[in-house]
Amino acid sequence: MHPEPPRPDAILLGSFGGPEGPDDVLPFLENVTRGRGVPPERLAEVAEHYLARGGVSPINDQCRSLLAARRAELDRAGIDLPLYWGNRNWHPMLADTVATMRDDGVRHALALVTSAYSSYSACRQYLGDLEQARAAVGPDAPTFAKIRQFFDHPGFVGPMARNVAAADADLPEG
């Protein structure tokens, strides 16, 4: 028989992160590509795509919206768990968030990552990121139970199917 997992005392939203202004773009891309030998010219090329949109990725605002929606749901259900957010590649950085969680007395948290799919970078890499953050924070860092990928959950598949059908209906004939 397996032991009962510890009861979570917080929820962590883990995400990729993204620049929030033009000055963030190159440092963000350097974080994303660190150790991969991507030439500076290629980073400059990719940076232009971000800069054409004001240097802001929508992912951080989407995370803020998701956290606000989760907070409202937890409050409606009478569940008093703190929510935290940490990113792999930009602020708030995951290790900083894990340190804050430790300082707040969190011992065991559920971790939900924003990537729905089952792949190395969407699943296993986040597990590694959590372990690296825990190692950086030290022995008092909270433990994490990562919620499964949700690519095949009806609550994800249904809205995606409806959105694809609606977009398809808007396409011109031929």
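Preceding this paragraph is the structure being described.
Source: prediction; values computed, not measured. Throughout this description, residue numbers start from 1 for each chain and increase along the sequence as written. Local features are withheld for residues below a pLDDT of 70 in this predicted model, meaning they are given only at 70 or higher, and side-chain atom pairs are given and counted only at 80 or more; totals for whole chains, interfaces and linings count all residues. Excluding hydrogens and water, the side-chain figures rest on all heavy atoms present in the structure.

Moving on: the sheet that holds strand β4 (residues 143-146). Sheet architecture is open: four strands sit in the order β2-β1-β3-β4, paired in parallel fashion. Because the sheet does not close on itself, it has two edges, and the strands there are β2 (83-87) and β4. Sheet twist, expressed as the average angle between the axes of neighbouring strands with direction ignored, equals 30°. Strand pairing follows a simple DSSP-based rule, namely that at least 2 bridges must link the two strands. Note on conventions: DSSP H or I runs of at least 4 residues are helices, E runs of at least 2 residues are strands, and numbering of each starts at the N terminus. Sheet analysis places strand β3 (residues 108-113) next to β4, joined by four bridges and oriented parallel. Within the sheet, the bridge partner assigned to Ala109 lies in β4 and is Phe144. We call two residues in contact when some of their heavy atoms are within 4.5 Å. Orientation is described by lines fitted to C-alpha atoms, with helices fitted over the stretch in contact, and by angles between N-to-C directions that extend from 0 to 180 degrees. Docked against the sheet, helix α3 (residues 59-76) engages β1 (10-15) and β2, running at close to 160° with respect to β2. Relative to β2, helix α4 (residues 94-103) is tilted by about 155°, and along the sheet it contacts β1, β2, β3 and β4.

It is worth spelling out helix α1 (residues 25-33) at this point. Partly exposed residues are those whose accessible area sits between 20% and 50% of the maximum for their type, while under 20% is buried and over 50% is exposed, using a 1.4 Å probe and protein chains only. Listed in full, the buried residues belonging to α1 are Val25, Phe28, Leu29, Asn31, Val32 and Thr33. Those residues of α1 that are buried are in contact with α2 (40-51). Positive backbone phi, approximately 80°, marks Gly35, located one or two places after α1.

This brings us to the pairing of β3. Where β1 lies against β3, five bridges are found, and the strand directions are parallel. In the strand pairing of β3, Ala10 is matched with Ala109.

Now for the packing of aromatic side chains. Pairing of aromatic side chains requires ring centres within 6.5 Å, counting the rings of Phe and Tyr and the six-membered ring of Trp. Pairs whose planes differ by under 30 degrees are stacked, by over 60 edge-to-face, and all others tilted. For the structure shown, the criterion picks out five aromatic pairs. Between Tyr117 and Phe156, the ring centres sit 6.1 Å apart and the planes meet at 75°, which makes this aromatic pair edge-to-face. Of this pair, Tyr117 sits in the loop between β3 and α5 (120-137) while Phe156 sits in helix α6 (residues 154-170), placing them 39 residues apart in sequence. Taken together, Phe16, Phe28, Tyr50 and Trp90 form an aromatic cluster joined through their ring pairs.

There is about 290 Å³ of room inside the largest pocket. Mapped by element, the contributors of at least two residues to the lining of the largest pocket are β1, α3 and β3. By residue class, the composition of the lining of the largest pocket is 11 nonpolar, no polar and two charged. Here the second largest pocket is characterised by a volume of approximately 240 Å³. Detection works on a 1 Å grid of protein atoms alone, calling trapped sets that fit a 1.4 Å probe cavities and calling open sets with protein on both sides within 12 Å along at least five of seven lines pockets, with lining residues defined by an atom within 4 Å of a point. Residue lining of the second largest pocket: Phe16, Asn31, Val32, Arg34, Arg36, Arg88, Asn89, Met93, Ser121, Gln125 and Asp129, and that is the complete set. Elements with a contribution of two residues or more to the lining of the second largest pocket: α1 and α5. Take the lining of the second largest pocket: its biggest share by element is three residues, from α5. Think of it as three bins: nonpolar holds Ala, Val, Leu, Ile, Met, Phe, Trp, Tyr, Cys and Pro, charged holds Asp, Glu, Lys and Arg, and polar takes everything else, Gly as well. Grouping the constituent residues of the lining of the second largest pocket by class yields three nonpolar, four polar and four charged. Grid points are joined across faces, edges and corners, and a volume is the space filled by probe spheres set on the points.

Let us now look at the pattern of salt bridges. The salt bridge criterion pairs a side-chain nitrogen of Lys or Arg with a carboxyl oxygen of Asp or Glu, the two atoms within 4 Å. Going through the model one piece at a time under the given rule, you end up with nine salt bridges. In this structure, Arg71 engages Asp75 in a salt bridge whose closest nitrogen and oxygen atoms are separated by 3.1 Å. Of the two residues, Arg71 and Asp75 both sit in helix α3, four residues apart, roughly one turn of that helix. Arg71 gets classed as partly exposed once you look at its relative accessible area, which sits at 24%. We note a salt bridge from Asp152 to Arg148, for which the minimum N-O separation is 2.8 Å. Asp152 gets classed as partly exposed once you look at its relative accessible area, which sits at 44%. Under the relative-accessibility criterion, Arg148 is labelled partly exposed at 48%. The network of salt bridges with shared partners includes Glu20, Asp61 and Arg64.

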